[in-house]
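Below, each chain spelled out in residue letters.
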Amino acid sequence: MDKETFKDSLFIETIIHTSVEKVWEAWSEPNVIMKWFGSDPKGKVLSAKLDVRSGGSFEVVFKDADQTEHTCHGIYTEIEKLSKLTFTWHWKSEPSVESFIVLLLTEEGKSTKMQFEHMNFGNGSKHDYVKGWQSTFLKLKQLLGDNL
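Please read these numbers as outputs of a predicted model, since none were measured by experiment.

Comments concerning the pattern of salt bridges
Phase 1: Under the counting rule described, the total for this entry stands at 3 salt bridges.
Phase 2: Among the salt bridges present, the one from K113 reaches E108, with a minimum N-O distance of 3.8 Å.

A few points about the side chain of S111
Phase 1: Mapped onto the elements of the fold, S111 is located in strand 7 (residues 111–119).
Phase 2: Under the relative-accessibility criterion, S111 is labelled buried at 10%.

What about the sheet that holds strand 1 (residues 9–16)?
In a beta sheet, neighbouring strands are held together by backbone hydrogen bonds and run either parallel or antiparallel to one another.
Phase 1: Reading across the sheet, the 7 strands line up as 1-7-6-5-4-3-2 and stay open at both edges, with antiparallel pairing between neighbours. The open sheet has two edge strands, strand 1 and strand 2 (44–50), and neither has a second partner. Strand after strand, the sheet turns through a mean of 20 degrees between neighbouring axes, direction not considered.
Phase 2: Here strand 3 (residues 57–63) pairs with strand 4 (residues 69–80) via 7 bridges, running antiparallel. Each bridged residue has a counterpart across the sheet, and for V60 the counterpart in strand 4 is C72.
Phase 3: Running over the sheet, helix 2 (residues 20–28) touches strand 1, strand 2, strand 4, strand 5 (84–91), strand 6 (94–108) and strand 7 and is turned about 165 degrees from strand 6.
Phase 4: Contacts from helix 4 (residues 129–144) reach strand 1, strand 5, strand 6 and strand 7, with the element oriented near 15 degrees to strand 1.

Some details on helix 4
Residue pairs spaced three or four apart in an α-helix point in one direction, given the helix's 3.6 residues per turn.
Phase 1: With 16 residues, helix 4 should reach 22 Å at 1.5 Å per residue; the first-to-last C-alpha distance of 22 Å fits that figure.
Phase 2: The set of residues buried in helix 4 consists of Y129, G132, W133, S135, T136, F137, K139, L140 and L144.
Phase 3: Those residues of helix 4 that are buried lie in contact with strand 1, helix 2, strand 5, strand 6 and strand 7.

Some words on the side chain of K139
Phase 1: You can see K139 is positioned in helix 4.
Phase 2: Although buried, K139 forms no salt bridge, and the nearest oppositely charged side chain, D40, lies 6.5 Å from it.
Phase 3: Not counting the four nearest positions on each side in its chain, K139 is found in contact with W36, F37, G38, D40, P41 and G43.

Criteria and cut-off values
- Residues numbered from 1 in each chain as written.
- Predicted model: local features only at pLDDT ≥ 70, side-chain atom pairs only at ≥ 80, totals over all residues.
- Heavy atoms only, no water.
- Salt bridge = Lys/Arg side-chain N within 4 Å of Asp/Glu carboxyl O.
- Helix = DSSP H or I, 4+ residues; strand = E, 2+ residues; numbered from the N terminus.
- Buried < 20%, exposed > 50% of the residue type's maximum accessible area, 1.4 Å probe, protein only.
- Pairing = 2+ DSSP bridges.
- Axes fitted to C-alpha atoms, helices over the stretch in contact; angles between N-to-C directions.
- Contact = heavy atoms within 4.5 Å.
- Expected span 1.5 Å × (residues − 1).
- Lys, Arg positive; Asp, Glu negative; His and termini not counted.

Right under this line is the structure:
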């Protein structure tokens, strides 16, 4: 992988010790996303609106412990229930930066392999996506990890 590609995309693969259904629900149900979304371990989701269908939109507003508020939003482009979710990604604070996310879920026994790729964020964003998504997924695993 060349340097430019690496700077412009992020790939995270992780095993979550719960069913594909529970992981899908965490990505597709507003009341569940409110329990884990956002990279600050002490942050809080203020609102989550999800219309999980091809062409549907989402918007999640969350606040960090330091009271910094963030709003992300996008359009779902491909939905394969329980296995694939693709969507555009925008920050309200960075309207000119559009990136793209592909989420793949695969059943692995009683666990779920989650493959997450965030692409085309370029150098226009101030966000540290590597640190942010790793921290966010740690919260997701803490929420779901013991549901075997």
